[in-house]
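# Examination of the molecular architecture
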Amino acid sequence: MAELQEVQITEEKPLLPGQTPEVAKEAELAARILLDQGQTHSVETPYGSVNFTVYGTPKPKRPAIFTYHDVGLNYKSCFQSLFQFGDMQEIIQNFVRVHVDAPGMQEGAPVFPLGYQYPSLDQLADMIPCILQYLNFSTIIGVGVGAGAYILSRYALTHPDTVEGLVLINIDPNAKGWMDWAAHKLTGFTSSIPEMILGHLFSQEELSGNSELVQKYRNIVTHAPNLENIELYWNSYNNRRDLNFERGGDITLKCPVMLVVECNSKLDPTQTSFLKMADSGGQPQLTQPGKLTEAFKYFLQGMGYMASSCMTRLSRSRTASLTSAASIDLNRSRSRTLSQSSESGTLPSGPPGHTMEVSC
Ligand code: BEZ
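Read on for a plain summary of the structure. What you see as residue numbers is a count from 1 along each chain, following the sequence as written. Where local features are concerned, this predicted model is filtered to residues with pLDDT of at least 70; where side-chain atom pairs are given and counted, the filter is 80 or more; whole-chain, interface and lining totals use all residues. Hydrogens and waters are ignored; side-chain quantities use all the structure's heavy atoms.

### Brief notes about the overall build of the chain
Runs of E in the DSSP output that reach at least two residues are strands. Runs of H or I that reach at least four are helices, and both are numbered from the N terminus. Tallying secondary structure elements over the chain gives 14 helices and 9 strands in all. Buried positions account for 48% of the 360 residues belonging to the chain. Of the roughly 18100 Å² of accessible surface on the chain, a fraction of 53% belongs to carbon and sulfur atoms. Each residue is placed in one exposure class: buried if its accessible area under a 1.4 Å probe, protein chains only, is under 20% of its type's maximum, exposed if it is over 50%, and partly exposed if it falls in between. Exposure was quantified through the Shrake-Rupley algorithm and a 1.4 Å probe, taking into account, for residues, occlusion by the shown protein chains and nothing else.

### As for the site of the ligand
We call a residue near a molecule or strand as soon as one heavy atom of that residue lies within 4 Å of the molecule or strand. Residues in close proximity to the ligand include Y55, Y75, Q80, F83, Q84, I92, R97 and H99, which together make up its full environment. Between R97 and the ligand, the recorded distance is 2.8 Å, taken from a side-chain N or O atom to an oxygen atom. Throughout this description, a polar contact denotes any pair of N or O atoms lying within 3.5 Å of each other; where both atoms belong to protein, one of them has to be capable of donating a hydrogen while the other can accept it, and for residues adjacent in sequence the pair is counted only when both atoms sit in side chains. Within the contact set of the ligand, an oxygen atom lies 2.8 Å away from a side-chain nitrogen or oxygen of H99. Taking 270 Å² as the accessible area of the ligand by itself, protein coverage stands at 96%.

### Here's the deal with the pattern of salt bridges
We define a salt bridge as a side-chain nitrogen of Lys or Arg found within 4 Å of a carboxyl oxygen belonging to Asp or Glu. Per the stated rule, a full pass over the model turns up 6 salt bridges. With its nearest N and O atoms 3.0 Å apart, the salt bridge here joins R154 to D122. Of the two residues, R154 is situated in helix α6 (residues 147-158) and D122 in helix α4 (residues 121-126); the sequence distance between them amounts to 32 residues. Each of the two residues, R154 as well as D122, counts as buried. One salt bridge connects R218 with E195, and the closest N-O pair in it is separated by 3.1 Å. Highlighted residues: R218 in helix α10 (residues 212-222) and E195 in helix α8 (residues 193-201), separated in sequence by 23 residues. Here the salt bridges share partners, and the residues they tie into one network are D122, R154 and R241.

### Some remarks on the side chain of S153
Its place among the elements puts S153 in helix α6. Judged by its relative accessible area of 0%, S153 is buried. Contacts: residue pairs with any heavy atoms within 4.5 Å of one another. Setting aside chain neighbours within four positions, we find S153 in contact with L166, L168, I171, L243, F245 and L253.

### Re the pairing of strand β3 (residues 64-68)
By the criterion of burial, β3 is predominantly enclosed, with 5 of the 5 residues buried. Side chains of β3 alternate between two faces, with A64, F66 and Y68 and I65 and T67 buried alike. If DSSP finds at least two bridges between two strands, the strands pair. As paired elements, β3 and strand β5 (residues 140-145) share 5 bridges and run parallel to each other. Counterpart to T67 in the pairing with β5 is V143. Alignment of β3 against strand β4 (residues 97-101), held across 4 bridges, turns out to be parallel. Bridge pairing in β4 places F66 opposite V98.

### Concerning unusual backbone geometry
Unusually for a residue other than glycine, N136 sits at a positive phi of about 60°. Here N136 is to be found in the loop between α5 (128-135) and β5. On the basis of relative accessibility, which here comes to 70%, the residue N136 falls in the exposed class. Although it is not a glycine, N244 sits at a positive phi angle of roughly 60°.

No statement about biological role is implied by the geometric values presented.
Below, the structure is given as structure tokens:
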């Protein structure tokens, strides 16, 4: 059988008057480097303006990878380690990435005036259509951590046709119960806001280990010049309402989901696959970018977006029996996600699930 081959097509662009091909090429290269370094935009929404940074050049018929960060972080401190991880490059070169900064979280953000009404998490989700409209993107693959995972899930529930897939890291889909509020009040007496946020970002084990990473993030949160803004996002997070996922009901995520940690009890287990990772703590995108990258690759491949030729040798040999993806676009059958255990190297039995769980 003839093998599919990648063909490089060079776009012909007319030269400007007096422009030599060399100068045109240099200008194009400069523009591309600029795009690859990320371009920050701001759009007005009914709930105030929101900043986002775009990397990569648009690819026809491809969703954007759309990220939303957790409380206490911004897109860079949350996602840079993952998106600049070596093996991630072969994945993201195929997608435009849109990284949102929640209002007031962008680098250099001015502190909101006293009494400013910060948007609720639902309202933050309602800002997303303005960003997609501005960029002319009709669909996304969302990647969210903590509060960001909640926001993207809320968006996916209200705009299911525009979300092709979701990577949800450490999502807590429930509102705080009165027990949580009591615990929150008690810790509030003894802990500062930055300490409470660090307690949300990292496990107790990680905090007491006080690794360089924890020290770095403690420093970032404690000395943030926009700490007042961070507190507002934190309050919105703590006032979130239940996402009310219903297994098999109307309120459910319609797209494939790669779930990192918990939440499985709310999702249909017959549709759930497992991929096990160890010791990744509260921020696996910072501590385990390699494992997350590998899982993401499987996830995209299950959606028909990664050619097997793009897979690492390791991934290829493990997944060969589950998929016959031969080219990036021909295989886009939405055949759902494959899964495996990256620790044991064993493949699960049964059909690939709609949802993939990565427990850390
Ligand atoms: C990206 O390439 O998508 C990226 C680069 C730097 C920080 C975050 C994301």
